[in-house]
Amino acid sequence: MPEVLVQYQAEIWQAIGETFIMVGVSILAAILIGLPVGTLLYLCRRGQAFENQVVFSVVNLLVNVVRSFPFLLLVVFLIPFTRLLIGTAIGTAAATVPLSIIAIAHYSRLVEQALLDVPKGVMEAAISMGASLKELIFKFLYVEARSGLVLGLTTSIISFISYSTIMGVVGGGGIGDFAIRYGYQQFKTDLMIYMIVIMIILVQLIQFTGTSVSRWIDKR
């Protein structure tokens with residue numbers, strides 16, 4: 001193991017742990033809130049069985065507004081809300097708030113796109129069989145769109161990792177922040193390169209896993 005990695009071993013493991021916390025909370029927010037929001041967008045859009053232009057327009061606007069924010073500005077803009085929510089705007093826990101909000105908006109749009117790929121005949125067949133809304137969503141829509149939903153989540157996770165590198169602005173830590181503070185600012189280019197390699201390996205593993213799972217569950 002290179003000497004510089006041995007020297008900063010404790011700090012590196014801490015940075016990796018902080019990244020996992022931030023990304024893990026973001027994934028949880030994306031699944032628990034982003035998935036229902038994306039489903040609501042799909043069900044309420046024009047031409048669908050539960051068309052509701054008012055609900056669709058409001059939710060669609062909120063998602064677009066969040067996604068249109070440059071992430072760094074979103075982090076700064078949400079500082080008062082973050083402080084109100086968890087009592088501080090500094091640290092890894094605080095960093096999870098803006099990351100979770102962007103995660104919800106990001107994944108909800110990918111969920112909507114995945115559900116739009118479901119053939120309309122599936123919806124029509126489910127409705128004709130008298131399926132309830134819950135059955136329609138969980139037994140038909142999600143089953144048909146499961147491959148796209150997994151791929152969308154994979155893409156989102158990789159984006160969350162990228163966003164997490166910015167969280168040093170609010171003391172969130174993580175691999176990206178470590179690379180800047182210990183590598184770039186202290187002119188230890190080799191250390192910064194090692195951190196970049198770790199990020200690349202992490203992203204490749206996530207992409208490979210997500211693609212493999214998507215292919216495995218795709219029964220079409």
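An account of the accompanying structure is given in this report. If you're wondering where the values come from, they're calculated on a predicted model, not measured in any experiment. (Residues numbered from 1 in each chain as written. Predicted model: local features only at pLDDT ≥ 70, side-chain atom pairs only at ≥ 80, totals over all residues. Heavy atoms only, no water.)

## A closer look at the overall build of the protein chain
We apply this condition: In this text, helices come from DSSP runs of H or I with a minimum length of four residues, and strands from runs of E with a minimum of two, each type numbered from the N-terminal end. Categorising residues by exposure relies on relative accessible area from a 1.4 Å probe, with only protein chains included: less than 20% of the type maximum marks a residue as buried, more than 50% marks it as exposed, and the intermediate range marks it as partly exposed. Whether two residues touch is decided by their heavy atoms; if any such pair falls within 4.5 Å, the residues are in contact. The method behind every accessible area is Shrake-Rupley, applied with a 1.4 Å probe, and residues are considered shielded solely by the protein chains displayed. Counted as positive: Lys and Arg. Counted as negative: Asp and Glu. His and the chain ends are not counted at all. To locate a charge, take NZ of a lysine, CZ of an arginine, CG of an aspartate or CD of a glutamate.
When you go through the protein chain residue by residue, the secondary structure sums to ten helices and zero strands. Moving toward the C terminus, one meets the helices and strands of the protein chain in the order α-α-α-α-α-α-α-α-α-α. With respect to the three principal axes, the spread of C-alpha positions in the protein chain is 65 × 40 × 25 Å. Evaluated residue by residue, the protein chain yields a buried proportion of 43% over its 220 residues. Here the contacts in the protein chain between residues at least 6 apart in sequence split such that 74% fall between residues at least 24 apart. When the accessible surface of the protein chain is split by element, carbon and sulfur atoms take 68% of a total near 11800 Å². Between the centroid of the 14 positive side chains of the protein chain and the centroid of its 12 negative side chains there is a distance of 7 Å.

## Notes on the nonpolar core
The line we're drawing: Definition of nonpolar core: a set of buried residues of the types Ala, Val, Leu, Ile, Met, Phe, Trp, Tyr and Cys, connected through side-chain atoms within 4.5 Å.
Membership of the largest hydrophobic core comes to 40 residues, with the highest contact counts inside it found for I12, Y107, L141, L149, F178, L191 and M195. The set of elements that each furnish at least two residues to this core consists of α1 (3-7), α2 (9-44), α6 (92-116), α7 (120-128), α8 (133-164), α9 (175-184) and α10 (189-217). A total of ten residues in this core trace back to one element, the largest contributor, which is α8. Each residue touching L141, except ones within four places of it in the same chain, is listed here: Y42, L43, L115, V118, M123 and L136. Counting residues in hydrophobic clusters, the runner-up holds 17 residues, among them L41, F56, L99 and V170.

## Focus: the layout of surface pockets
Using the following cut-off: Note on definitions: the grid is 1 Å and covers protein atoms alone; a cavity is a set of points where a 1.4 Å probe fits but cannot get out; a pocket is an open set with protein on both sides within 12 Å along at least five of seven lines; lining residues have an atom within 4 Å of a point. Grid points are joined across faces, edges and corners, and a volume is the space filled by probe spheres set on the points. Residues are sorted three ways: Asp, Glu, Lys and Arg are charged, Ala, Val, Leu, Ile, Met, Phe, Trp, Tyr, Cys and Pro are nonpolar, and all the rest, Gly among them, are polar.
Computed from the structure, the second largest pocket encloses a volume of approximately 190 Å³. For the lining of the second largest pocket, the elements supplying multiple residues, two or more each, are α2, α3 (53-68) and α6. A per-element tally of the lining of the second largest pocket places α6 first, with six residues. For the lining of the second largest pocket, a count of residues per class yields ten nonpolar, two polar and no charged.

## Description of the pattern of salt bridges
As a reminder of what qualifies: By salt bridge we mean one thing: a side-chain nitrogen of Lys or Arg within 4 Å of a carboxyl oxygen of Asp or Glu.
A full pass over the atoms with the stated rule returns three salt bridges. Residue E112 pairs with R45 through a salt bridge whose shortest N-O separation is 2.4 Å. Residue E112 is located in helix α6, and its partner R45 is located in the loop between α2 and α3; the two are separated by 67 residues in the primary sequence. Owing to a relative accessible area of 4%, E112 belongs among the buried residues under this scheme. Taking the relative accessible area as the measure of exposure, R45 reaches 23% and is therefore partly exposed. Its salt-bridge partner being R109, residue E112 comes within 2.6 Å of it at the nearest N-O pair.

## Some points on the packing of helix α5 (residues 79-86) against α6
The packing of two helices is summarised by the inter-axis angle and the distance between the axes. Note the cut-off: The convention used is that axes are lines fitted to C-alpha atoms, helices contributing only their stretch in contact, and that angles between N-to-C directions extend from 0 to 180 degrees. Roughly parallel here means an angle under 35 degrees, roughly antiparallel means over 145, roughly perpendicular means 65 to 115, and every remaining angle is called oblique. The handedness criterion is simple: a crossing whose near helix is rotated anticlockwise from the far helix by less than a right angle is left-handed, and one whose near helix is rotated clockwise is right-handed.
Following both chains from N to C, one finds α5 and α6 inclined at 120 degrees, their axes separated by 10 Å at the closest point. On the basis of their axis angle, the class for α5 and α6 is oblique. When the axes of α5 and α6 are compared, the crossing they make is right-handed. For the pair α5 and α6, the contacting residues are F81, T82, L85 and I86 in the first and A93, A94, V97, P98 and I101 in the second. For the contact of α5 with α6, a count of residues per class yields eight nonpolar, one polar and no charged.

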